[in-house]
Amino acid sequence: MLTKEETHNGIFTMGHTACSGCAQSMSVKLIMEVLGKNTIAATSTGCLEVFSTRYPESSWRIPWIHSLFENSAAVASGIEAALKITGKKDGITVLGQGGDGGTADIGIQALSGMFERNQDILYICYDNGAYMNTGYQRSGLTPLNAYTTTSPSGKESFGNSRPKKYMPEIAMAHRIPYTAVASAGYPLDLQKKVKKAKSIKGAKYLQVDVPCVPGWKYEPRYSVKLAKLAVQTGLYPLFEAEYDKIISVKKISRKVPVEEYLKLQGRFKHLFKDEAGKAEIEKIQNIADENIARYALI
Amino acid sequence: MRQVLEGSMAVSDGVRMVEPHVISAYPITPQTHIVEHLSKMVADGNLKSEFIMVESEHSAASVVLGASACGVRTYTATASQGLIYMEEVIYNIAGMRLPVVLTVANRALSAPINIWNDMQDAMAIRDTGAIMLVAENNQEAYDMHIQAFKIAENPDVMLPVVVNVDGFVLTHTFEIVETIDSIEKVREYLPPLDMKYKLDVDNPYSFGTLGEPSVYMESRYNLYNAMNLSKKVIVEAAREFKNMFGKFHGALIDTYKMDDANTVIIAMGSVIGTIKDAVDELRESGKKIGVLKIRSFRPFPEDEIVSALRNVENIIVMEKAVSPGKGGILSVEIRDTLYKNKMASINVNGYILGLGGRDITPKNIYDLVVRAEREENVDGKFIGLRRLE
């Protein structure tokens, strides 16, 4: 738990231009409450950069830098090196952050380099499952059968043809000291993981599921509900790993069928039209069931 | 101290003298010896830098970008494909006004793949907003790197500086280089970097924010102005260097035997040495010919070029790069300079030579001078092509 002062540290301030119901801005606020003012952040191009730093305004009361789409892990690496060589690293958290595209697609090379060098950096991927900032195009973390503007549903298509890439396992394959998956639906769990990551020296990867109102096409009031359902269905397993070993998982308290999660989102509505759609929902259920078995979620 | 140094050693030793805090690089021929020497200096404790070997040139440039934003001195080196891979980041470094210094061991661009020297790579980053200096020999490469940091870090400038050093011709060739013995003297020449805006938890700023149409142009205008202001700073850096260390290779340009010349060869980089030898020979046969060396390609030294060419009748531009569909690159800029200054009556012949490591010999230059006497305002002519069956 955080103190009242920490909760209201105002590091990620109000007045930014995120959509109402944006789970990413919610998560950033929660994360910055834990990381505190002794943090330097390198942020990829994407929603977060656009909605929080429209010159001359900024929502950041910490030193913050945006360079390009694919290089926040490398920029963070340079920051860490500069702090180290000038003897200022102690007590400062270096944070790299990006969306799922900036992390798992175009930015995966820089991120892999940072992991492999085990630099003392916390990298956070805000995963909303597509390129939302540019208008909802598919990414490597778009889930199976999701409609996006570049994986539309149609006579010959049920939407995105592949399941999402298991990015946390790619992080673990680097044998970095800490990998965790969290969700905007579970703020205390998210903050606990950030706190732990902050205390560990070396490269850390945290992936946060952040529902996106316009991209997933749902009512803003459902952001937290959807984030919780993603976990309770087994579609978004929350866990922690040290090096290549999973050390904790968030158990599912009440298993929910994937339909409950899918039906609230416009990006899956084409699956509810006919029998063929039903079979596709079955495939998504299989992914959830495989996750439940693989990560021992029940 | 007088030493026989490979160009790469001269570059790395010059970099050692300015004590960069963070160095980051990715290996590419012919830059490799530079980063190998620097790695060894760090490994032996002769250079106290954080040396980060990264997984790509894009990340090398991004690492020095991040470090530079923290207010520390940074350095990277690359060539060819590596340079155009990091071009995106170079635009960004320049736009954020970060004083990174970068060596380019100039090399041809693919395809066909070719590891040898020309200047096409440098031309590809011409408009990034980086200052672009070109070294003629190993001594100048050594001296120019020390000057580069002084130029980049000047508060009126705050731009990346690219030091172009011809791949193999300089990087892998040994020459006598007089190195500076006293690091204290270099510290006096180049005081510690003191950036007004940096990433600092005690005084937080946001860098690289979104520049909407209402502010973007002003930001670019500031960069444009800083580039123009840097001309003065480049001249001062060369002059001060001469006063402290006794070496001078020109400021924005350098001239050779220009006093009574009616024909002038304009070029940049290591080929200047060969041209000077050829000019000596040609003068013996009675030709009034001189050399104009472009030392600063960006900013482009328009005023200096105009003054130097006032009384000239014929200009030969020799360049190791080409703009397909147009012609020469340097030659076009020379013509533009003359036209703007009402000197368009001067005959300018632009030739393309030495692409992808094709040798440029003194004989090539004699032949070119004879040929140029017959030609009027040609551009983009390839010299020395083999007759392919």
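Computed from a predicted structure; not experimentally measured.

1. Some thoughts on the interface of chain B and chain A
Okay, step 1: In this complex, chain B contributes 37 residues to the contact, which on the side of chain A involves 37 residues.
Okay, step 2: For the pair chain B and chain A, the two sides together bury roughly 2,900 Å², of which 64% comes from carbon and sulfur.
Okay, step 3: Across the contact surface, chain B and chain A share three salt bridges.
Okay, step 4: Between Arg 54 of chain A and Glu 212 of chain B there is a salt bridge, with its nearest N and O atoms 3.0 Å apart.

2. What about the domain arrangement of chain B?
All names here are of chain B.
Okay, step 1: If you check the domain split of chain B, you get domain 1 (2–245) and domain 2 (253–382).
Okay, step 2: Inter-centroid distance (C-alpha atoms) of domain 1 to domain 2 is 27 Å.
Okay, step 3: Facing the 28 residues of domain 1 at the interface are 25 residues of domain 2.
Okay, step 4: Between domain 1 and domain 2 the total buried area reaches about 2,100 Å² when both faces are included, carbon and sulfur atoms providing 53% of it.
Okay, step 5: The largest share of the area that domain 1 buries against domain 2 comes from Met 123, Arg 126 and Glu 136, three residues that together contribute 28% of it.
Okay, step 6: Our enumeration of links across domain 1 and domain 2 arrives at six salt bridges.
Okay, step 7: The interface formed by domain 1 and domain 2 holds 17 residue pairs in polar contact (both at pLDDT 80 or more) in total.
Okay, step 8: Top contributing element to the side of domain 1 that touches domain 2 by residue count: helix H9 (residues 216–245), with five residues.

3. Considerations on the nonpolar core
Okay, step 1: In this structure, Ile 65 and Ile 79 of chain A together with Ile 266, Leu 309 and Ile 315 of chain B are the most contacted members of the largest nonpolar core, which totals 88 residues.
Okay, step 2: Counting residues per element, this core draws most heavily on helix H4 (residues 72–85) of chain A, which supplies eight residues.
Okay, step 3: There are two domains that each give this core at least three residues, and those are domain 1 (2–245) and domain 2 (253–382) of chain B.
Okay, step 4: Look past the residues within four positions of Ile 266 of chain B in its chain and what remains in contact with it is Leu 292, Ile 294, Leu 309, Ile 315, Ile 316, Val 317, Met 318, Leu 330 and Ile 334 of chain B.
Okay, step 5: In terms of nonpolar packing, the next biggest core, distinct from the first, is built from 50 residues, Ala 135, Met 144, Leu 159 and Ala 226 of chain B among them.

4. Structural notes on the sheet that holds strand S7 (residues 161–166) of chain B
Residues and elements named next belong to chain B.
Okay, step 1: Taken in spatial order, the seven strands make up an open sheet running S3-S2-S4-S5-S7-S6-S13, and their pairing is mixed. The open sheet has two edge strands, strand S3 (50–53) and strand S13 (296–298), and neither has a second partner. Neighbouring strand axes in the sheet, compared pairwise and without regard to direction, differ in orientation by 20 degrees on average.
Okay, step 2: Relative to S13, strand S6 (residues 131–134) runs antiparallel, the two sharing two bridges. The partner of Met 132 across the bridge, within S13, is Arg 298.

5. Digging into the sheet that holds strand S9 (residues 206–207) of chain B
Okay, step 1: Taken in spatial order, the nine strands make up an open sheet running S10(A)-S9(A)-S7(A)-S8(A)-S4(A)-S3(A)-S1(A)-S2(A)-S9(B), and their pairing is mixed. Sheet topology places strand S10 (245–249) of chain A together with S9 of chain B at the edges, where each strand pairs with a single neighbour.
Okay, step 2: Sheet strands in contact with helix H8 (residues 187–199) of chain A are strand S3 (93–99), strand S4 (122–127), strand S7 (178–183), strand S8 (204–209), strand S9 (239–242) and S10 of chain A, and its direction is about 160 degrees off that of S7 of chain A.

6. Some thoughts on a nonpolar patch on the surface
Okay, step 1: A cluster of nonpolar side chains, namely Val 4, Phe 174 and Ile 176 of chain B, defines an oily patch on the protein surface of about 310 Å² accessible area.
Okay, step 2: Within the element layout of this structure, Phe 174 of chain B appears in strand S8 (residues 174–178).

7. Here's the deal with the packing of H4 of chain A against helix H3 (residues 57–69) of chain B
Okay, step 1: Axis separation between H4 of chain A and H3 of chain B bottoms out at 6 Å; the angle between their running directions is 45 degrees. When the axes of H4 of chain A and H3 of chain B are compared, the pair comes out oblique. In this structure, H4 of chain A meets H3 of chain B at a crossing whose hand is right-handed. Each of Ala 74, Val 75, Ser 77, Gly 78, Ile 79 and Ala 82 of chain A in H4 of chain A lies in contact with H3 of chain B, whose residues at this interface are Ser 59, Ser 62, Val 63, Leu 65, Gly 66 and Ala 67 of chain B.

8. A look at the side chain of Ser 67 of chain A
Okay, step 1: Along the chain, Ser 67 of chain A turns up in the loop between strand S2 (64–66) and H4.
Okay, step 2: At 2.9 Å, the side chain of Ser 67 of chain A forms a polar contact with the side chain of Asn 71 of chain A.
Okay, step 3: At 2.7 Å, the side chain of Ser 67 of chain A and the side chain of Asn 92 of chain B are in polar contact.
Okay, step 4: In this structure, Ser 67 of chain A is in contact with Thr 43 and Val 75 of chain A together with Leu 65, Asn 92 and Met 96 of chain B, ignoring residues within four places of it in sequence.

9. Quick word on the pairing of S4 of chain A
In the case of a regular strand, side chains alternate between the two sheet surfaces.
All names here are of chain A.
Okay, step 1: Taking burial as the measure, the six residues of S4 include six buried ones, the bulk of the element.
Okay, step 2: On S4, burial covers both faces: Leu 122, Ile 124 and Tyr 126 on one face and Tyr 123, Cys 125 and Asp 127 on the other are all buried.
Okay, step 3: Two elements, S3 and S4, share five bridges in a ladder whose sense is parallel. Looking at the pairing, Gly 98 lines up with Cys 125 of S4.
Okay, step 4: Where S4 lies against S8, six bridges are found, and the strand directions are parallel. Opposite Asp 127, over in S8, you have Asp 209 as the bridge partner.

Calculation rules
- Starting from 1, residues in each chain are numbered consecutively following that chain's sequence as written.
- Each chain is given a letter, starting from A, and each ligand a number, starting from 1, according to the order in which they appear as written.
- It should be noted that, the model being predicted, local features are given only for residues of pLDDT at least 70 and side-chain atom pairs only at 80 or more, the latter also being counted only at that level, while totals for whole chains, interfaces and linings use all residues.
- For the side-chain quantities, the full set of heavy atoms in the structure was used; hydrogens and water were omitted.
- The contact criterion used is simple: two residues touch if any of their non-hydrogen atoms lie within 4.5 Å.
- Defined here as a combined quantity, buried area equals the accessible surface (1.4 Å probe) lost by two parts on assembly, summed across both.
- What counts as a salt bridge is simple: a side-chain nitrogen of Lys or Arg found within 4 Å of a carboxyl oxygen of Asp or Glu.
- All the domain ranges listed were derived from an automatic or database domain assignment.
- Whenever a nitrogen or oxygen atom comes within 3.5 Å of another N or O atom, the pair is scored as a polar contact, on the condition that within protein one atom can donate a hydrogen and the other can accept it, and that pairs from neighbouring residues in sequence are kept only if both atoms are in side chains.
- Elements are defined by DSSP. Helices are runs of H or I of four residues or more, strands are runs of E of two residues or more, and each kind is numbered from the N terminus.
- The definition of a nonpolar core used throughout is a set of buried Ala, Val, Leu, Ile, Met, Phe, Trp, Tyr and Cys residues joined through side-chain atoms within 4.5 Å.
- Note on classification: 1.4 Å probe, protein chains only; a residue is buried when its accessible area is under 20% of the maximum for its type, exposed when over 50%, partly exposed between these limits.
- Paired strands are those between which DSSP finds at least two bridges.
- The convention used is that axes are lines fitted to C-alpha atoms, helices contributing only their stretch in contact, and that angles between N-to-C directions extend from 0 to 180 degrees.
- In this analysis, a patch consists of residues with relative accessible area above 30% that form no salt bridge, clustered at 9 Å for like charges and at 5 Å for the nonpolar side chains Val, Leu, Ile, Met, Phe, Trp and Tyr.
- The Shrake-Rupley method, run with a 1.4 Å probe sphere, supplies the accessible areas, and residue values consider only the shown protein chains as cover.
- Here the word oblique covers every angle except those under 35 degrees (roughly parallel), over 145 (roughly antiparallel) and from 65 to 115 (roughly perpendicular).
- Crossings are assigned a handedness: left-handed for a near helix turned anticlockwise from the far helix by less than a right angle, right-handed for a clockwise turn.

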